[in-house]
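Understanding the architecture of this molecule
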Amino acid sequence: GITWTTRTSQTTSWIRALVYGNGKFVYCTDTGGVGTSTDGITWTSQTSGSGGNLLALTYGNGIYVYSGAGSVCRSSTDGITWTLRSMGGTTQINALAYGNGNFVAAGASQRIVVGTSDAANWTTVITGSYDIYTLSYSNGIFLYGGAIGIMGSSSYGFSWVNKISNTTQNILGLTYSNGTYGYCGANGL
């Protein structure tokens with residue numbers, strides 16, 4: 001993480017998310033593009049079928065899943081061929097995670113959608129007033145963060161407990177390591 005080498009991604013669009021799974025890196029872009037690489041050096045552009053703004057990407061249970069504006073959702077086992085899935089609704093999805101046998105998506109208006117382990121079926125479980133910007137799964141817990149410091153946690157994605165973040169700044173990133181959760185966000189948070 002100290003020395004970095006620039007690689008050609010085969011796109012000039014904003015790369016919004018990057019994941020690694022099943023021996024392959026996959027990214028998605030703000031213009032609906034997808035790219036794949038087995039080594040992180042040589043990249044191949046793929047046809048995602050979206051044509052829209054892709055904001056979130058995750059990998060779990062042998063499946064890549066992307067989403068974004070208008071709750072567009074597709075899944076793939078290889079990062080090349082993508083199958084359209086329905087999350088219902090049109091609320092923008094900002095973050096995706098996989099854990100405990102479920103895919104979870106979160107986004108605008110505090111909407112959280114839980115998908116089956118094959119990403120084929122999705123159910124909206126909560127909506128609220130504020131946008132969720134980030135979602136993670138680690139140590140057996142889903143954790144989200146968002147506008148004005150909102151936070152929530154869940155084991156499986158269906159039932160959520162509000163958490164006190166001690167900030168009113170937008171939470172934009174979450175991580176977990178060695179027994180400690182951390183977040184970062186707006187204005188140097």
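Here is a short report on the structure shown in this document.

Definitions and cut-offs
- Residues numbered from 1 in each chain as written.
- Predicted model: local features only at pLDDT ≥ 70, side-chain atom pairs only at ≥ 80, totals over all residues.
- Heavy atoms only, no water.
- Helix = DSSP H or I, 4+ residues; strand = E, 2+ residues; numbered from the N terminus.
- Rg over C-alpha atoms; globule rule 2.2 N^0.38 Å.
- Buried < 20%, exposed > 50% of the residue type's maximum accessible area, 1.4 Å probe, protein only.
- Contact = heavy atoms within 4.5 Å.
- Pairing = 2+ DSSP bridges.

**A look at the overall build of the protein**
- Of the regular secondary structure elements, the protein holds zero helices and 18 strands.
- Here the protein has a C-alpha radius of gyration of 16 Å; the compact-globule value for 189 residues is 16 Å, and the two agree.
- Its C-alpha atoms give the protein principal-axis dimensions of about 45 × 40 × 25 Å.
- Residue burial in the protein is summarised as follows: out of 189 residues, 46% are buried.
- In the protein, of all internal contacts separated by at least 6 residues, the share reaching a separation of at least 24 is 34%.

**A look at the environment of Gly21**
- The topology assignment puts Gly21 in strand 1 (residues 15–21).
- Here Gly21 falls in the buried class, since its relative accessible area comes to 4%.
- Between the alpha carbons of Gly21 and Gly40 there is a distance of 12 Å; along the sequence they are 19 residues apart.
- With residues up to four places along the chain from it excluded, the contact list for Gly21 reads Tyr59 and Tyr64.

**What about the pairing of strand 18 (residues 180–185)?**
- Sheet topology places strand 17 (residues 171–177) next to strand 18; six bridges connect them, and they run antiparallel. Opposite Ile171, over in strand 18, you have Gly185 as the bridge partner.
- Hairpin connection from strand 17 to strand 18: two residues lie between these consecutive antiparallel strands, with Asn178 at a positive phi of about 50°.

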